[in-house]
Amino acid sequence: MSHSNGSANGSHSPGPGNMNRNGNGTGLSAHEPSRNGNSHGNVSSHASTVNRPLPGRQVSLRGGGSAVIRPNGQIRSINRNGMQISRGVNGSRTVVSYHNGARIVTTGKNSGYVQRNYVTRNGRTYVSRTVVVNHVTYTNVYRSYSYGGYCCYYAYHPAYYYAPVYYGWAYNPWAAPAYYNWGWGPSPWYGYYGGYFAPYPAYPSAAFWLTDYLIAANLQAAYQARAAANAAANADNGGGDQQSSQPSGNDNSTANSGQVTLTPEVKDAIAEEVKAQLAAQQAAAQASSGGNQASGGGNQDSTSTASQDVPAALDPARHTFIVSSDLTVSSNGQECQLTAGDVIKRTSDTPDEDRKVTAVISASKKSDCAVGQEIAIGVDDLQEMHNKFEEQLDNGMKDLASKQGQNGLPKAPETKTIPSDVPPPSPDNNAAKALQDQQSAADQTEAQVVKEAFSQGS
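Everything numeric here is computed off the predicted structure, so don't read it as measured data.

Thresholds applied
- Residues numbered from 1 in each chain as written.
- Predicted model: local features only at pLDDT ≥ 70, side-chain atom pairs only at ≥ 80, totals over all residues.
- Heavy atoms only, no water.
- Helix = DSSP H or I, 4+ residues; strand = E, 2+ residues; numbered from the N terminus.
- Expected span 1.5 Å × (residues − 1).
- Buried < 20%, exposed > 50% of the residue type's maximum accessible area, 1.4 Å probe, protein only.
- Disulfide = S-S within 2.5 Å.
- Pairing = 2+ DSSP bridges.
- Axes fitted to C-alpha atoms, helices over the stretch in contact; angles between N-to-C directions.
- Contact = heavy atoms within 4.5 Å.
- Salt bridge = Lys/Arg side-chain N within 4 Å of Asp/Glu carboxyl O.
- Polar contact = N/O pair within 3.5 Å; in protein donor to acceptor, adjacent residues only side chain to side chain.
- Phe/Tyr/Trp six-rings, centres within 6.5 Å; stacked < 30°, edge-to-face > 60°.
- pLDDT = per-residue confidence, 0-100.

Points about helix H7 (residues 379-403)
One turn of an α-helix holds 3.6 residues; hence residues three or four places apart share an orientation.
Link 1 in the chain: Over its 25 residues, H7 extends 36 Å from the first C-alpha to the last, a length consistent with the 36 Å expected when each residue adds 1.5 Å.
Link 2 in the chain: Within H7, 23 of the 25 residues are buried, which leaves the element mostly enclosed by the surrounding structure.

Remarks on the state of the cysteines
Link 1 in the chain: For the structure shown, the criterion picks out two disulfides.
Link 2 in the chain: Two residues, Cys336 and Cys369, share a disulfide whose sulfurs are 2.0 Å apart. Between Cys336 and Cys369 the sulfur-sulfur dihedral comes to about 95°; the bridge is accordingly right-handed. With Cys336 in strand S16 (residues 334-338) and Cys369 in the loop between strand S18 (356-363) and strand S19 (374-378), this residue pair connects regions lying 33 residues apart in the sequence.

Notes on the sheet that holds strand S8 (residues 102-108)
Link 1 in the chain: Pairing within the open sheet is antiparallel, and its 10 strands lie in the order S3-S4-S5-S6-S7-S8-S9-S10-S11-S12. Each edge of the open sheet is held by one strand with a lone partner, namely strand S3 (57-60) and strand S12 (150-157). Here the strands of the sheet are splayed against their neighbours by 20° on average, with no regard to which way each runs.
Link 2 in the chain: Pairing geometry for strand S6 (residues 83-87) and strand S7 (residues 93-99), over four bridges, is antiparallel. Bridge pairing in S7 links Gln84 to Val96.
Link 3 in the chain: Packed on one face of the sheet, H7 meets strand S10 (124-133), strand S11 (136-147) and S12 and runs near 15° to S12.

What about the pattern of salt bridges?
Link 1 in the chain: In this structure the tally under the stated criterion is 18 salt bridges.
Link 2 in the chain: In this structure, Glu335 engages Arg70 in a salt bridge whose closest nitrogen and oxygen atoms are separated by 2.6 Å. Placement of the pair is Glu335 in strand S16 and Arg70 in the loop between strand S4 (66-69) and strand S5 (75-80), with a sequence separation of 265 residues.
Link 3 in the chain: A relative accessible area of 23% means that Glu335 is categorised as partly exposed.
Link 4 in the chain: When its relative accessible area of 6% is taken as the criterion, Arg70 is described as buried.
Link 5 in the chain: Among the salt bridges present, the one from Asp443 reaches Arg93, with a minimum N-O distance of 2.8 Å. In this pair, Asp443 is assigned in helix H8 (residues 431-455) and Arg93 in strand S7, connecting sequence segments 350 residues apart.
Link 6 in the chain: For Asp443, a relative accessible area of 25% gives the class partly exposed.
Link 7 in the chain: Residues joined by salt bridges that share partners form a network here, namely Arg87, Arg93, Asp443 and Glu446.

Things to note about unusual backbone geometry
Link 1 in the chain: Here the amide bond leading from Cys151 into Cys152 is cis, since omega sits at 15°, within 30 degrees of zero.
Link 2 in the chain: Of note, Arg355 is a non-glycine position whose phi angle comes to about 60°, a positive value.
Link 3 in the chain: By secondary structure assignment, the location of Arg355 is in the loop between strand S17 (343-346) and S18.
Link 4 in the chain: The class for Arg355 is buried, based on a relative accessible area of 11%.

Examining H8
Link 1 in the chain: If you check H8, its first and last C-alpha atoms are 36 Å apart, about what 25 residues at 1.5 Å a residue would give, namely 36 Å.
Link 2 in the chain: If you check which residues of H8 are buried, you get Ala431, Leu435, Gln438, Gln439, Ala442, Thr445, Glu446, Ala447, Val449, Glu452 and Ala453.

Describing the side chain of Gln337
Link 1 in the chain: Structurally, Gln337 is set in strand S16.
Link 2 in the chain: A polar side-chain atom of Gln337 sits 3.3 Å from the main-chain amide nitrogen of Val89.
Link 3 in the chain: Among the polar contacts made by the side chain of Gln337, one reaches the side chain of Thr328 at a distance of 2.7 Å.
Link 4 in the chain: Those residues in contact with Gln337, other than ones at most four positions away along the chain, are Gly88, Val89, Asn90, Ser92, Asp326, Leu327, Thr328, Asp342, Asp368 and Cys369.

Observations regarding the packing of aromatic side chains
Link 1 in the chain: In this structure the tally under the stated criterion is 22 aromatic pairs.
Link 2 in the chain: Considering the side-chain rings of Tyr145 and Tyr153, the 6.2 Å spacing of their centres and the 40° angle between planes classify their relative orientation as tilted. With respect to class, Tyr145 is no different from Tyr153; both count as buried.
Link 3 in the chain: Connected via pairs of aromatic rings, a cluster forms that spans Tyr180, Trp182, Trp184, Trp189, Tyr190, Phe197, Tyr200, Tyr203, Phe208, Trp209 and Tyr213.

Here we look at the pairing of strand S15 (residues 327-331)
Link 1 in the chain: Among the five residues in S15, five count as buried, and that is most of the element.
Link 2 in the chain: Side chains of S15 alternate between two faces, with Leu327, Val329 and Ser331 and Thr328 and Ser330 buried alike.
Link 3 in the chain: Here S15 runs beside S16; their pairing, made up of five bridges, is antiparallel. When the bridges of S16 are listed, Ser330 appears paired with Glu335.
Link 4 in the chain: Between S15 and the antiparallel strand that follows it, S16, lie two residues; Asn332 among them carries a positive phi value of about 55°.

Thoughts on the confidence of the model for the protein
Link 1 in the chain: For the protein, per-residue confidence averages 83 on the pLDDT scale, and 78% of positions sit at 70 or higher.
Link 2 in the chain: Across residues 1-45, where pLDDT falls below 50, the model places 156 contacts with residues more than four positions away in sequence or in other chains.
Link 3 in the chain: Counting interchain partners and residues more than four positions distant, the pLDDT-below-50 stretch residues 237-259 has 53 contacts.

Here it is in structure tokens:
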């Protein structure tokens, strides 16, 4: 499977500032407009019930800042010197800071992104992200916009579109089902998640082929993240990254993934999301090919939501989301872990005061949040999941275009591409160093906080 873009969502979007009631950062950045919180109408009382305060203690740090410590002694979050550190229950770490107009997000060793303002077109602001995953660098463009008094959401903006007829071919049923061999058998990730995920036996349309592509891409990312975390834990001799060596929520056994199955019903729900996105992209491609590209008319698609429009994370027409990176969520005063390849279904559209909505776990791996469990999840996290979904769908369409007419797949019509109105940016040559520097700074900060927080007693 050809997939070079790894998962580096860094979906913990809050910048430096105050802690919310659960010890998660929700403060303001000097580089972002004021966040006025939720103004969608009445706060969802049900979301507030699910998003009950989490147990733990908050510690005021000498010299400013604060940390939140879980009852088991594990750090949940640190807010110090403009750096926001969030720790998952499985030891995963996300670090966010702002330097020289750039938003820097690290999601692990050699992983993360650097985001900067890019261009303004027709009154719309776009940002660039230079993403680094295991020393591989690539760039993406995102539309920045406010909604409901909150700024900013970031919506994935494609670098190009395909000919509209190609999207139609991918959306509509093929003349006959396609039998396709992915060749995943020897891959370690496939064996590890063999009890969780099985490809469709045949593909009635490209939408189902793309569904398996998306799930596989996220499971590969989960496997790589897990391997990197284990490597970091083995190399850790104490100090800043003190929690990497703590027992992970995912043990190192095939049985970990063999207890729960990604059901056909859940996969079909993902396929419906794929078809909806293909239809939206076809409409955008038609607008671009119709001569509106130069005037910006090609922007009117789901990836470039206008400020008055609902973001994909809250769109009532969208419910199913594939988790694209490690994420700790709350459920009735407790925490549980999600990892890439888990699937959730959003059940409320109105955020609570922490900008969280409710969702139910549709599919998960053994040590992650249980299937059927109701959780509170951040709107920013859902938006980043959808962004990754769109990015991976673009990758899948590219892969499908290169393989059509081969290995049992039917031949596709025109697969040429049409550049979008916003050209892809050049990579930030300093991104890798910025991420490494932030990782080292976070190590030092955690080491200092561990000594200081625990000197204050439990």
